[in-house]
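# Summary of structural features
What follows is the residue order along each chain.
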Amino acid sequence: MSEDLIQKSATEQPDWVDFLLPVTNANDTSAFVLKWYVEEGDRIDAGSPLLAIETSKASLELESPVEGFVERMVSEGTKVAGATPLARIYLSWEAYAASALVGADQSENQNPAASQPGRMATKAALELAAAMGLDLAELPGRGLITKREVERWLAQQQVYEVSPKSHPQSGEMSLSANQWRIACALRNALTTGVPGFVSRSVAANSLVTFCQDYARSHRFALSETDVFLKACARTLLQFTYLNASRQSNTVHLYSQVRIALALNVEDQLVAPVIVGAERLSLRDIATWRLQAQLRVRRAEPELLDQPEPTFTLSNLAPEGVELFIPNLVPRQAGTLGIGKRGARGSSLEWVLCLTFDHTIVNGGYAARFLKSLADLLTQPESLV
Amino acid sequence: MTPLTFRECLNRALDRILAEDDRAYILGEDILDPYGGAFKVTTGLSTRYPGRVRSTPVSEAGIIGVSIGMALAGLHPIVEIMFADFLTLGFDQLFNHATKFPYMYDGRAPCPVVVRTPTGAGRGYGPTHSQCPEKYFLGMPGLTVVAANHHTDPYPLIKQLQNDRGPALLIEHKGLYAQTMWTGERLGEAGWQWLDFKFGEFPARALSLVEPRRCHMVVVAYGEFARRLEEVVMELALEDEIFCLLVCPTRLNPSSMEPLWQLARPIGRLVFAEEGAQGWSWGTEWAYRAQVECGSSLEAAPVCLASRADIIPCNIWRESETILTTERLTTRLRELAR
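This report concerns the structure included in the present document. (Residues numbered from 1 in each chain as written. Chains lettered and ligands numbered in written order. Predicted model: local features only at pLDDT ≥ 70, side-chain atom pairs only at ≥ 80, totals over all residues. Heavy atoms only, no water.)

What follows deals with the overall build of chain B. Each helix and strand in chain B was counted, giving 13 helices and twelve strands. A buried classification covers 60% of the 338 residues belonging to chain B. Long-range contacts, defined as pairs at least 24 residues apart, comprise 77% of the intrachain contacts of chain B with a sequence gap of at least 6. When the accessible area of chain B is evaluated, it comes to approximately 13400 Å², of which 54% is carbon and sulfur surface. (Helix = DSSP H or I, 4+ residues; strand = E, 2+ residues; numbered from the N terminus. Buried < 20%, exposed > 50% of the residue type's maximum accessible area, 1.4 Å probe, protein only. Contact = heavy atoms within 4.5 Å. Areas by Shrake-Rupley, 256 points an atom, 1.4 Å probe, with all protein chains shown as cover.)

Given below as structure tokens:
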């Protein structure tokens, strides 16, 4: 059997070969498939009869060019043109098994419309879709819809692009309720809290590489903010006085970390709260963040009714900010601001600035917190 | 076209076998029309093939003994034992005679007797009409033990058993008769992906709801229990995103289990689930072989799930406490996936 009757899978170690219909003479460009000698999935030796075909001149018995497991690609009694693949022969049973199962999902002879109405989604996928306001009927592909399919779809959709709004050029405007609430809170913080500041820088390249690798291996776009959230949560678990809220001279400590993430959406500052991020996977944190951004954009009211945070994270590094001193939010123990300094590559570093409530902790405690956090950020693998 | 039930499919298979092969006979208790057998499998056959469907006395040793004689004389008898619980009365005929003749006469005395029998609980039939006694026949050299299921057309299955030179036992769970057959098309509509393969020379099917490499474990089950497991696998996937690759063999005592190991190796966890009583059983034997033959590729020791090793009560509520129900199975698999 000549090599040109075979097509191999494109990988370096071929998993299968396709066996094509030979053209026996110039007048015969097609043939009838008479009979298969093997069943679907049967093992066949090289040189054993695979199927019989009939041309206008004669009937021929075709032999398998290789040893393997057979997937029949044409049925008996059909007319096929020259060089049409007749069978795919998998070189290992494992390869056959893997493809046959996946193939059931994709193969043409299944009724593609039939599986659509009954397409099922897992509970987790339904919950995520509901939270994101997605219609799963629009999700492409076939088979069971799991949370992973929804996440991947979201990652492709980029529904988080902010459409630039036009700003009024002159005249008067009133502050939004949210702006006024924040303004009042910041004024209160100046009169009730005693802010202290510590800052340090930390090399950024390991974290940047980590996010890129994660995106490649998990096909899921992880933001650096997600890693900051988890690293902060882990560190706060050790530095419990910074995972605290204070009302006059009473300090509340919490068993779970409660971080507010400052988000600037369409010039509005909001801070959704994530509880227990120290236990969540990076993927779950990223999903939470995406949901939060979407909710903020839709101005959903549930943001006003959320658990009391102990600590706020504000990442302005994507905006090109080098260093900023974040405000202390009333009742919270600290706010971490993140900036970025240096060019891409080895000189790139994060600049962490922590504003903390000096009535709860002192500068040394805050500095040790930053040191621990910086250590984690240089070893992001430990967060997986 | 309305899909056939397993009972209808089996009835048609026997009809076709009687039509095609005039050496084929069916023997059993109360199998004549109009009664047509306790589970109505032979309905219409005694009318269509008078003399070749024979009602017998209530004597399992006698029925199997006579059919052995028929097989030695060149006929192709198919025996129906009304309840598998009474197979034990014919045990000696299988153990000391049918399995031994092909060997003792150096292949010159083939004995292709096919014994069909319903097993299993779920109906409140009590201690002696609800058991899964196949475990006592698995260790009988020379006997092919096969379990019917709603994936496999019984016609080629029985033909293959008849073509063997020795006797065969075909296990039919009572719950299976009323189930509709799963054709490929219906499987696809229900969201399943599947793979048909030969396992111990007999058909087997692997099913899952996601690609195999995303599965958390391989769950092996046979017969009606495999169908119940489909409901469990579905629930675990939809509720908890726990994904199982369900493997449903027909042959229960194959010599090589390599195809199963090839499916299990990349996934790393293996569970054997059966309705029969815990211990000294199909599951424990397969789990032992899994550990010996592919244990180094598994993340954890194989697990056997089965019914309590106890007498099955009549009271349907107490019966469900003894039998491994789908609820209990779901809970156990959920725990294992944690």
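From this point, the discussion proceeds with the structure in view.
The next subject is the pairing of strand 18 (residues 334–341) of chain A. Residue and element names in this part refer to chain A. Of all eight residues in strand 18, six are buried, a share of seventy percent or more. Where strand 18 and strand 19 (residues 349–357) come together, eight bridges link them in antiparallel fashion. Its bridge partner being in strand 19, Gly334 is matched across the sheet by Phe356. (Pairing = 2+ DSSP bridges.)

Every contact between the two is made by 24 residues of chain A and, on the other side, 29 residues of chain B. Buried surface at the junction of chain A and chain B, both sides included, amounts to about 2200 Å², of which 64% is carbon and sulfur. At the surface where chain A touches chain B, the tally comes to two salt bridges. Of the charged contacts in the structure, one is a salt bridge between Glu239(B) and Lys123(A), with a shortest N-O distance of 3.5 Å. The interface formed by chain A and chain B contains six residue pairs in polar contact (both at pLDDT 80 or more). Among the elements of the structure, helix 1 (93–106), helix 2 (123–132) and helix 3 (147–157) of chain A are those that each provide at least two residues to the side of chain A that touches chain B. Here the element with the most residues in the side of chain A that touches chain B is helix 1 of chain A; it accounts for nine residues. The class makeup of the residues in the side of chain A that touches chain B is 13 nonpolar, four polar and seven charged. (Buried area = accessible area lost by both parts, 1.4 Å probe. Salt bridge = Lys/Arg side-chain N within 4 Å of Asp/Glu carboxyl O. Polar contact = N/O pair within 3.5 Å; in protein donor to acceptor, adjacent residues only side chain to side chain. Nonpolar A, V, L, I, M, F, W, Y, C, P; charged D, E, K, R; others polar.)

By size, the foremost hydrophobic cluster in this structure holds 91 residues, and its most contacted members are Leu229(B) and Leu333(B). Of the residues forming this core, the biggest block, eight residues, is contributed by helix 9 (residues 223–240) of chain B. The residues contacting Leu333(B), other than those within four sequence positions of it, are Met217(B), Val219(B), Leu229(B), Val232(B), Leu236(B), Val271(B) and Leu305(B). Core analysis: the next-biggest nonpolar cluster, separate from the first, contains 55 residues, Leu222(A), Leu229(A), Ile274(A) and Ile360(A) among them. (Core = buried A, V, L, I, M, F, W, Y, C linked by side-chain atoms within 4.5 Å.)

All names here are of chain A. Read from one edge to the other, the open sheet built from four strands follows the order 6-5-3-8, with strand pairing classed as antiparallel. On the outer flanks of this sheet lie strand 6 (59–63) and strand 8 (79–81), each paired with one strand and no other. Direction aside, neighbouring strands of the sheet carry axes that sit 40 degrees apart on average. Alignment of strand 3 (residues 30–36) against strand 8, held across three bridges, turns out to be antiparallel. From the neighbouring strand, Ser30 faces strand 8, where its bridge partner is Ala81. (Axes fitted to C-alpha atoms, helices over the stretch in contact; angles between N-to-C directions.)

Bringing the packing of aromatic side chains into the picture now. Residue and element names in this part refer to chain A. Overall, the coordinates contain 19 aromatic pairs over all chains when judged by the stated rule. Note on Phe210 and Tyr214: the rings are 6.2 Å apart at their centroids and 45 degrees apart in plane angle, and the pair reads as tilted. Remark: Tyr214 and Phe210 occur in helix 5 (residues 205–218); sequence separation between them is four residues, near one turn of the helix. Each member of the pair, Phe210 as well as Tyr214, is classed as buried. Both rings, one in Phe239 and one in Phe369, keep their centres 5.7 Å apart while their planes meet at 85 degrees; by these two values the pair is edge-to-face. (Phe/Tyr/Trp six-rings, centres within 6.5 Å; stacked < 30°, edge-to-face > 60°.)

Another point: helix 8 (residues 363–378) of chain A. Residue and element names in this part refer to chain A. Here helix 8 contains 16 residues, and its C-alpha end-to-end distance of 23 Å stays within 8% of the 22 Å for a straight helix at 1.5 Å per residue. Restricting attention to buried positions, one finds in helix 8 the residues Tyr365, Ala366, Phe369, Leu370, Leu373, Ala374, Leu376 and Leu377. Packing partners of the buried residues in helix 8 comprise strand 10 (195–203), helix 5, helix 6 (224–238), strand 17 (311–315), strand 18 and strand 19. (Expected span 1.5 Å × (residues − 1).)

With that out of the way, let us pick up the packing of helix 9 of chain B against helix 13 (residues 326–337) of chain B. Residues and elements named next belong to chain B. Interhelical geometry of helix 9 versus helix 13 gives an angle of 50 degrees and a closest axis separation of 10 Å. With respect to helix 13, the axis of helix 9 lies oblique. Crossing handedness for the pair helix 9 and helix 13: right-handed. The residues of helix 13 that touch helix 9, namely those facing Phe225, Arg228, Leu229, Glu231, Val232, Glu235, Leu236, Glu239 and Asp240, are Thr326, Leu329, Thr330, Leu333 and Arg334. Its residues assigned to classes, the contact of helix 9 with helix 13 shows six nonpolar, two polar and six charged. (Parallel < 35°, antiparallel > 145°, perpendicular 65-115°, else oblique. Left-handed = near helix turned anticlockwise from the far one by under 90°.)

With that settled, the discussion passes to helix 2 of chain A. Within the span of helix 2 of chain A, buried status applies to Ala125(A), Leu128(A), Ala129(A) and Met132(A). What you see down the axis of helix 2 of chain A is that its buried residues fit within an arc of 100 degrees, all on one side. (Arc of directions from axis to C-beta.)

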